[in-house]
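As a plain string of letters, each chain reads:
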Amino acid sequence: MFLQVSNLSKTFGKEQVLRNLSFALDAHRMMSVLGRSGSGKTTLLKIIAGLESPDNGRVELEGKAMNETPAHLRNIVYLYQEPLLFPHLNAFENIAFGLRLRKWTEADIRQKTETMLDHLELNGQAKKMPAQLSGGQRQRVAFGRALIVEPKVLLLDEPFGALDTETRTAMQQLLKRMVAGSQITTIFVTHDLKEALLMGDEIALMQDGLLKKYETKADFVQDARTGVQEEIGFWTNIQSR
Amino acid sequence: MAGIYKGKYASLGLFLALTALPIALGIGYALLRSMGLAGLGAEGFTLRHWEAVLSGGEFWRSLGLSFRVAGCSIGLAGVLALAAVLKAPERWQRGGLSWLMYLPLTLPAMVVAFVVFQMLSGAGLVSRLAYKLGLTSGIQDFPNWVNDSWGIGIIAAHVFMATPFFIILFAQLYQSERLGEYAQLAATLGATARQSARRVIVPVLLRQSFPTLVLYFIFVMGSYEIPLLLGSQSPQMVSVLTIRKLQRFDLADIPQAYAIGVLYMVFVAAAAVFLLRNNAEKTSSTC
């Protein structure tokens, strides 16, 4: 397996956030994780990224244990709920940030960043500072900044939570297109049922510190705990009135 | 509606009367006095006091020293405070240490100057310690750290006062600007702790604190008690030079003191407006 998470446990104070959580993910796949607030989604992602330490359990990437590897050496990018663009850098420099860390040549940085801006449909926005961009544009820059370093795993923590419906739909399509194009293994966390079904090649439910991965989306739909049946019932009732 | 406007103009008038008017009157009087048009011994319009100040060299050396002392003090205190906050940002936000940081801010400048004098003078504690350790054979071997032409004692006193203030400032900005989250994000993008500090945290902290740093710079340039006790006879910082000339027995020196005051105010105001406006433009393009 490309990414293997085994028996992860994490407790904050008296609250056990993760309980012997395990799952595996193949390379180049996007897994949606549906879960309510407080279900431990963010903690799981931060442990995989190396930003939190588990109390127990292992994270393996390409068969290698990652527990002792610091975040900056994992090549696993974690994106927050908000774009968190560096406020002192313009859109171009935000996207180029990871390339400058890797000491690419100026010409290569320019060429690759401009290509990324083009893919993100951000032509003409390169010199704008974060506050001069719309919410959707800021999120695109954040994706560009993450994708340009070609991470082994991309972790997205409810990235569209703050966007309006129309922008959210456009961003979902853009993200799917870009992740598929760059073949990056991705975990996409959301509390939106429809978004979870739309985004993932694979789908999982996180509840009370445990993660259940479904064989098929049909299994996910059938499981009463996911809330899909309830949702279907709601719309059926509305239609039949 | 008319009442609202009336109240607004009355508030504005009161504000101007209490702030701008006294300053304008002070500058006006200083200008008249420096040109021989007002005050005791007014001799009629003349620019000779201005010529004496501008061509004498004393004022420029004094201004240079003031700039140097303020620059070194703010630079050193800024570096120390940044290092402390970067090392352990949470430590300064809560707990005993965060309270302890307020203590030096409560000390009057004269007390700090006195403490620094007791520590760094030839007969001070550091000199005695150096003697006990065999590093010096007497007072004459100990370097001049107070009343010296480089202003080392003045800088030490200001660094002592400014560092806790900057630590509090940077620690609060670290929290309000969510720099911990930025640092984590930078780490997942491949940044080491050092790269994260250099490329993200320090630039954001300095940009957000820039107006405060400029104002503190001006405060240090114009400080009086510390350079009075710890400064050299020549050159003196502008504030000490001005007061010395004002208190001279020779009445001809008094208009020069007013000319120095006006010049100093013009330099500082111009620098502050230039720096703060540049920063406001940069900030407004990102807010």
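Rules of the game
- Residues numbered from 1 in each chain as written.
- Chains lettered and ligands numbered in written order.
- Predicted model: local features only at pLDDT ≥ 70, side-chain atom pairs only at ≥ 80, totals over all residues.
- Heavy atoms only, no water.
- Buried < 20%, exposed > 50% of the residue type's maximum accessible area, 1.4 Å probe, protein only.
- Helix = DSSP H or I, 4+ residues; strand = E, 2+ residues; numbered from the N terminus.
- Arc of directions from axis to C-beta.
- pLDDT = per-residue confidence, 0-100.
- Pairing = 2+ DSSP bridges.
- Axes fitted to C-alpha atoms, helices over the stretch in contact; angles between N-to-C directions.
- Polar contact = N/O pair within 3.5 Å; in protein donor to acceptor, adjacent residues only side chain to side chain.
- Contact = heavy atoms within 4.5 Å.
- Phe/Tyr/Trp six-rings, centres within 6.5 Å; stacked < 30°, edge-to-face > 60°.
- Buried area = accessible area lost by both parts, 1.4 Å probe.
- Salt bridge = Lys/Arg side-chain N within 4 Å of Asp/Glu carboxyl O.
- Nonpolar A, V, L, I, M, F, W, Y, C, P; charged D, E, K, R; others polar.
- Expected span 1.5 Å × (residues − 1).
- Bend = angle between axes of the 7 residues up to and from the residue.

## A word on helix α3 (residues 48-56) of chain B
All names here are of chain B.
Then, in step 1: Residues of α3 that are buried: H49, W50 and V53. One side of α3 carries all its buried residues, which in axial view fall inside an arc of 100 degrees. Away from the buried face of α3 by more than 90 degrees, exposed residues E51 and S55 are located.
Then, in step 2: At the C-terminal side of α3, G57 shows a positive phi close to 90 degrees.

## Examining the confidence of the model for chain B
Then, in step 1: In the predicted model, chain B carries a mean pLDDT of 89, and the fraction of residues at 70 or more is 96%.
Then, in step 2: Per-element confidence in chain B is highest for helix α9 (residues 179-188) of chain B, whose mean pLDDT is 96, and lowest for helix α5 (residues 96-100) of chain B, whose mean pLDDT is 79.

## Examining the sheet that holds strand β7 (residues 153-157) of chain A
Residue and element names in this part refer to chain A.
Then, in step 1: The mixed open sheet is built from six strands, whose spatial order is β6-β7-β8-β3-β9-β10. If you trace the sheet from one side to the other, it starts and ends with β6 (76-79) and β10 (210-214), each paired once. Taken pair by pair, the neighbouring strands of this sheet meet at an average axis angle of 20 degrees, ignoring direction.

## Description of the side chain of S66 of chain B
Residues and elements named next belong to chain B.
Then, in step 1: Inspection of the secondary structure assignment puts S66 in helix α4 (residues 58-87).
Then, in step 2: You can call S66 buried: its relative accessible area is 0%.
Then, in step 3: Here the side chain of S66 touches V238 through a polar contact of 3.0 Å, landing on its backbone nitrogen.

## Looking at the environment of G122 of chain B
Residues and elements named next belong to chain B.
Then, in step 1: Counting through the fold element by element, G122 comes out in the loop between α6 (109-120) and α7 (125-132).
Then, in step 2: Note: C-alpha distance between G122 and N144 (22 residues apart in sequence) is 7.0 Å.
Then, in step 3: Among residues more than four places away in sequence, those in contact with G122 are S127, I139 and F142.

## Here's the deal with the packing of aromatic side chains
Any two aromatic rings considered together are summarised by their centre-to-centre distance and by the angle between their planes.
Residue and element names in this part refer to chain B.
Then, in step 1: Here the structure, examined in full by the defined rule, presents 19 aromatic pairs over all chains.
Then, in step 2: Considering the side-chain rings of F166 and F170, the 6.1 Å spacing of their centres and the 35 degrees angle between planes classify their relative orientation as tilted. In this pair, F166 and F170 both sit in helix α8 (residues 152-176), four residues apart, roughly one turn of the helix.
Then, in step 3: The class of F166 is buried, set by a relative accessible area of 0%.
Then, in step 4: Here F166 and Y216 contribute two aromatic rings whose centre-to-centre distance is 5.3 Å and whose plane-to-plane angle is 65 degrees, an arrangement assigned as edge-to-face. With F166 in helix α8 and Y216 in helix α10 (residues 193-221), this pair connects stretches of sequence that are 50 residues apart.
Then, in step 5: Following the ring pairs from residue to residue traces out a cluster consisting of F165, F166, F170, Y216 and F219.

## Comments concerning the interface of chain B and chain A
Then, in step 1: Opposite the 21 residues of chain B that make contact, chain A presents 28 residues.
Then, in step 2: Summed over both sides, the interface between chain B and chain A buries roughly 2300 Å², with carbon and sulfur atoms accounting for 64% of that surface.
Then, in step 3: Linking E82 of chain A and R178 of chain B is a salt bridge whose minimum nitrogen-to-oxygen distance equals 2.8 Å.
Then, in step 4: At the boundary of chain B and chain A, one finds eight residue pairs in polar contact (both at pLDDT 80 or more).
Then, in step 5: Where the side of chain B that touches chain A is concerned, the elements lending two or more residues are α9 and α10 of chain B.
Then, in step 6: If one sorts the elements of the side of chain B that touches chain A by residue count, α9 of chain B sits on top with seven residues.
Then, in step 7: Within the side of chain B that touches chain A, the residues separate by chemical class into ten nonpolar, seven polar and four charged.

## Considering α8 of chain B
Residue and element names in this part refer to chain B.
Then, in step 1: A rise of 1.5 Å per residue sets the reference length of α8, with its 25 residues, at 36 Å; its end C-alpha atoms lie 35 Å apart and thus fit the reference within 8%.
Then, in step 2: Of all bends in α8, the biggest is about 30 degrees, found at A162, and the proline P164 comes one to four residues later.
Then, in step 3: Burial analysis of α8 places 18 of its 25 residues in the buried class, the great majority of the element.
Then, in step 4: In the segment just after α8, R178 is the residue with positive phi, at about 55 degrees.

## Side note on the side chain of R100 of chain A
Then, in step 1: One can find R100 of chain A in helix α3 (residues 91-101).
Then, in step 2: Among the polar contacts listed, one links the side chain of R100 of chain A to the side chain of E93 of chain A, at a separation of 2.7 Å.
Then, in step 3: Beyond its immediate sequence surroundings of up to four residues, R100 of chain A is in contact with F92, E93, E106 and I109 of chain A together with R199 of chain B.

## Here we look at the pairing of strand β9 (residues 202-207) of chain A
Residues and elements named next belong to chain A.
Then, in step 1: β9 sits mainly inside the fold: five of its six residues count as buried.
Then, in step 2: Of the strand pairs in this sheet, strand β3 (residues 30-35) and β9 are connected by five bridges, and their pairing is parallel. If you follow M31 over to β9, its bridge partner there is E202.
Then, in step 3: If you look at the hairpin formed by β9 and β10, you'll find two residues sitting between the two strands, and D208 has a positive phi there, around 50 degrees.

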